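# Topology and contacts: notes
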Amino acid sequence: MFHIWRTTTVRTKRAVIGYGHIRRILPIPTSRQYRTHLSMPVRYCSANVRTFDTMLSARRAEARRSILVQVSSERSYNELYHYCSQFGTIESSHHYRVDGDADGDCHYILLEFSSSDQADAAMQSGVFSTERPGVRARSIFLWFRTGPKPKLIAQEEPKRPLAMIDGANPIGETELNSLLASAESIDDQVTVLHRLTKLNDLGKRLRFLAVRQLESSLQGMFPQALAHPFGSSVNGFGRMGCDLDVILDLDSRSGEPPDRNSRLVYHTKSTNPNERTQVQRQLESIGDVLQLFLPGVNSVRRILKARVPIVKYHHEHLDLEIDLTMNNTAGVYMSELLYLFGQLDARVRPLTFCVRRWAQSVGLTNHTPGYWITNFSLTMLVMYFLQQLSRPVLPSINRLIQLSATCSAQNSSHPVTRFGEGESEWAYTFLKNPSIYGSFRSDNESTLEQLLVEFFEFYSQFDFNQRAISLNLGATILKPDHSPMYIVNPLETVLNVSKNVNLEETELFRMQVRNAVWLLEAHGKESGQAPTTEPWGLVSLFGPKQQQRITPQMFFTKRMLNVKDIFDEVPVDEPTQYRNASVKNQIAAIHRAAKAEIHKLSTQGGPSRAGTNLEPRTTTSMEGTGVKLKRNTKRR
């Protein structure tokens, strides 16, 4: 079995751990004990590990049994619990808060019943407000209004107290650095960072509530409609506050053969022969449904001209940004592949979280799309690094395909194929094979600290100019084109995952990994060292001064002379200094020639400056509107 601890921070022998307002005391394993776990084969995988499909089914079932109720505060839980207990048994409850306006914050309690029928009974008991006009739509999002005053007799405490209070609030930067600084080693810091910043149970529940709302709103007309979450919300690499990516399939059973015995056939609307145009029109209509009818949905943006048409919207009750696409099954398969990598070894996810946090602190990644490295590209770099070690932590994808074929050769009804040769065959013979989760066990016993240092050292010497990274082979290949950074897409091997990254960002990445190696060596912490107030380990790596510590401009040579110095009058007391006498003579000659041309134009009575494009522009705003023109600015 995997060894799972709750969110922790290392003090000495014991640690105060918690999330939100929940606090518990748990013993923390020492570094020696952690290395002992690494040497145990059972640590990597077990027969009881949940597959990707099992995890999705369990989360969907939780959402089917749950409702979300807005309350005045967490103190309303006792009254809400006793009221909702009449509909069934409440298995768990979670509280979180969404930042509000001047009226105060909004508080919500998620209730999970023991069955979906009980949740439906609670939802069907709701009524519509006569004080708040709006479109009347039944959903799992309700609010708990004030009722009659309770009797003076004290009510008994709920049998199941709140499992979490303010559970959706991510940890602050100052508190995180304080907890990291109190750890005993860099290895413990990486572990603590992962536990404190990863997407918790409540965050996953809320995301599947959004999926359920989307499905239930469309299943009246499309009974087989399914919303498939993908990305960091389900692949095990999501952090608190991450967005939700959803792929909508209006007919999830379209590939199944029809019943030949039935003589009744549904009439259907003809579709546009251009699939892209059809998807754009469908997403536009679905965006209207989201905007007009679904409670909690606002700020709907339709980005239909992108390479992959998308609808973005915000859910105010869940405090969640959601991206909706259609007919993009590659995202689901990639999420399942990354989930598999994370399940094969317990060190994969903490190491990836640490690298992502470092990249964010030094300015390598950005929330908006652009020419910089994305979190997905960073994850691919970590996966490849773990594949190419002398004692690999992860196998190559082709090796996993071979292991899958070996484990289920006698039961497989589909031939094993490589990526790109058929998505359905690949999905059902490789990722859908439960035995693949126990087919590989690494004998690498390196700690997280050792792997982190080796990651930075490896990419500080990597030849991005000539080599491309292939996770399918677990090795490098010659670059097919001149992209500064080339990472082969595991699903579609003709595509480059990091095609958007330009040369400057690639060089910046190489400089930052070299700087990270120096920081870890210079600001390490020896065992038994006395406590110090100086930042060390990950605290020095993620420090606020990282943005100013190293920049590409530090490696550019300064200009010998600015262009404006050629035309500006140089004061006598501050003469311009030149490195070479010939350069000084050339500049003087250019200066004299330019003055002569200007004098010639002025004496010949050329056109006035007001009628030419020589007139300087003295305003940066549109006349009569007060709207300032937006200048082109760089990210840093």
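- The chain appears in an unreviewed UniProt entry as RRM domain-containing protein from Anopheles minimus.

## Remarks on the overall build of the chain
- A count of helices and strands for the chain gives 19 helices and 13 strands.
- Per-residue burial over the chain gives 43% buried out of 636 residues.
- Considering only contacts within the chain whose residues lie at least 6 apart along the sequence, 67% involve residues at least 24 apart.
- Summed over all atoms, the accessible surface of the chain reaches about 36500 Å², with 52% contributed by carbon and sulfur.

## Section: helix α11 (residues 375–387)
- With 13 residues, α11 ought to run about 18 Å at 1.5 Å a step, and its terminal C-alpha atoms sit 19 Å apart, in line with that.
- Counting buried positions along α11 gives 11 out of 13 residues, so the element sits mostly inside the fold.
- Among the residues of α11, those classed as buried are Ser377, Leu378, Thr379, Met380, Leu381, Val382, Met383, Tyr384, Phe385, Leu386 and Gln387.

## Let's talk about a nonpolar patch on the surface
- A grouping of Val135, Leu292 and Phe293 is seen on the molecular surface, where their side chains present a nonpolar patch of about 300 Å² in accessible area.
- The class of Val135 is exposed, set by a relative accessible area of 54%.

## Brief notes about the sheet that holds strand β11 (residues 320–326)
- Sheet architecture is open: five strands sit in the order β7-β8-β11-β10-β9, paired in mixed fashion. This sheet does not close on itself; its edge strands, each paired only once, are β7 (226–230) and β9 (297–303). With strand direction ignored, the average angle separating the axes of adjacent strands in the sheet is 25°.
- Bridge count for strand β10 (residues 310–315) against β11 is five bridges, and the pairing is antiparallel. Across the sheet, the residue bridging to His315 is Leu320, located in β11.
- On the sheet, helix α8 (residues 275–293) packs against β8 (244–249), β9, β10 and β11 and is oriented at approximately 165° with respect to β9.

## Observations concerning the UniProt feature "domain: PAP-associated" (unreviewed entry) in the chain
- Annotation from UniProt places "domain: PAP-associated" (unreviewed entry) at residues 448–481.
- Note that residues 448–481 is 38% helix and 24% strand, and that its end C-alpha atoms are spaced 35 Å apart.

## Here's the deal with the packing of aromatic side chains
- Applying the stated criterion across every chain, the model contains 21 aromatic pairs.
- Look at Phe385 and Phe455: their rings are 5.7 Å apart centre to centre, the planes differ by 85°, and that puts the pair in the edge-to-face class. Here Phe455 lies in helix α14 (residues 448–460) and Phe385 lies in helix α11, a separation of 70 residues in the sequence.
- With a relative accessible area of 1%, Phe385 lands in the buried category.

## Topic: the environment of Leu471
- Mapped onto the elements, Leu471 comes out in the loop between β12 (467–470) and β13 (475–478).
- Residue class for Leu471 comes out buried when judged on its relative accessible area of 0%.
- Counting along the chain gives 17 residues from Leu471 to Val488, while the straight-line C-alpha distance between them is 7.3 Å.
- Residue contacts for Leu471: discarding those within four places in its chain leaves Phe341, Met380, Met383, Tyr384, Gln387, Ser396 and Ile397.

## A few points about the nonpolar core
- Trp358 and Phe509 are the most contacted members of the largest nonpolar core, which totals 119 residues.
- Ignoring sequence-local partners within four residues, the contact set of Trp358 consists of Leu364, Phe456, Phe509, Gln512, Val513, Ala516, Leu541 and Phe542.
- The next biggest cluster of nonpolar side chains, apart from the first, holds 15 residues, and it includes Cys84, Phe87, Leu111 and Ala122.

## Side note on the side chain of His314
- Tracing the backbone shows His314 in strand β10.
- Looking at His314, its side chain comes within polar contact range of the side chain of Glu321, at 3.0 Å.
- Setting aside its immediate chain neighbours within four residues, His314 contacts Gly296, Val297, Asn298, Ser299, Arg301, Asp319, Leu320 and Glu321.

## Some points on the sheet that holds strand β5 (residues 104–113)
- With mixed pairing, the four strands of this open sheet are ordered in space as β4-β5-β3-β6. Here the strands that pair on one side only, and so sit at the sheet edges, are β4 (90–101) and β6 (141–143). Geometrically, the sheet is characterised by an average inter-axis angle of 25° between neighbouring strands, direction not taken into account.
- Across nine bridges, the pairing between β4 and β5 is antiparallel. Bridging from a neighbouring strand, Arg97 pairs with His107 of β5.
- Relative to the sheet, helix α7 (residues 201–218) contacts β3 (66–71), β4, β5 and β6, its axis offset from that of β4 by approximately 85°.

## A closer look at the confidence of the model for the chain
- Across the chain, the average pLDDT comes to 79, with 75% of residues at 70 or higher.
- Per-element averaging of pLDDT across the chain places strand β2 (residues 22–27) at the bottom with 35 and α11 at the top with 96.
- A low-confidence stretch, residues 1–48 stays under pLDDT 50, and its non-local contacts, those more than four residues away or across chains, total 106 contacts.
- Confidence over residues 412–424 falls short of pLDDT 50; this stretch has 24 contacts with residues more than four positions distant or in other chains.

## Focus on the side chain of Ser396
- With respect to the helices and strands, Ser396 occurs in the loop between α11 and α12 (397–407).
- Non-local contacts of Ser396, meaning those with residues more than four positions away in its chain, are made with Gln387, Leu471, Asn472, Leu473 and Gly474.

## Notes on the packing of helix α10 (residues 348–361) against α11
- Two elements in contact, α10 and α11, have axes whose closest approach is 10 Å; the angle formed by their N-to-C orientations is 135°. Taken together, the axes of α10 and α11 are oblique relative to one another. Crossing hand, α10 versus α11: right-handed. Touching Val348, Leu351, Thr352, Val355, Arg356 and Ala359 of α10 are Asn375, Leu378, Thr379, Val382, Met383, Phe385 and Leu386, all from α11.
- Across the contact of α10 with α11, the residue classes break down as nine nonpolar, three polar and one charged.

## Description of the pattern of salt bridges
- Counting across every chain of the model gives 21 salt bridges.
- Close ionic contact of Arg205 with Glu112 constitutes a salt bridge, the shortest N to O distance being 2.8 Å. Here the residue Arg205 occupies a position in helix α7, and Glu112 occupies one in strand β5, the gap between them amounting to 93 residues. Each member of the pair Arg205 and Glu112 is classed as buried.
- The closest approach of N and O atoms between Arg205 and Asp201, which form a salt bridge, is 2.7 Å. Taken together, the residues Arg205 and Asp201, both in helix α7 and four residues apart, mark about one turn of the helix.

## Observations regarding the pairing of β11
- Extensive coverage of β11 is indicated by the burial of six of its seven residues.
- Looking at chain direction, β8 and β11 are connected through five bridges and run parallel. By the bridge assignment, Ile247 is partnered in β11 with Thr325.
- What sits between β10 and β11 in their antiparallel hairpin is a turn of four residues, with Asp319 showing a positive phi close to 50°.

Criteria and cut-off values
Residues numbered from 1 in each chain as written. Predicted model: local features only at pLDDT ≥ 70, side-chain atom pairs only at ≥ 80, totals over all residues. Heavy atoms only, no water. Helix = DSSP H or I, 4+ residues; strand = E, 2+ residues; numbered from the N terminus. Buried < 20%, exposed > 50% of the residue type's maximum accessible area, 1.4 Å probe, protein only. Contact = heavy atoms within 4.5 Å. Areas by Shrake-Rupley, 256 points an atom, 1.4 Å probe, with all protein chains shown as cover. Expected span 1.5 Å × (residues − 1). Patch = residues over 30% accessible without salt bridge, like charges linked within 9 Å, V, L, I, M, F, W, Y side chains within 5 Å. Salt bridge = Lys/Arg side-chain N within 4 Å of Asp/Glu carboxyl O. Pairing = 2+ DSSP bridges. Axes fitted to C-alpha atoms, helices over the stretch in contact; angles between N-to-C directions. UniProt positions renumbered as here; feature names shortened; annotations may be inferred. Phe/Tyr/Trp six-rings, centres within 6.5 Å; stacked < 30°, edge-to-face > 60°. Core = buried A, V, L, I, M, F, W, Y, C linked by side-chain atoms within 4.5 Å. Polar contact = N/O pair within 3.5 Å; in protein donor to acceptor, adjacent residues only side chain to side chain. pLDDT = per-residue confidence, 0-100. Parallel < 35°, antiparallel > 145°, perpendicular 65-115°, else oblique. Left-handed = near helix turned anticlockwise from the far one by under 90°. Nonpolar A, V, L, I, M, F, W, Y, C, P; charged D, E, K, R; others polar.

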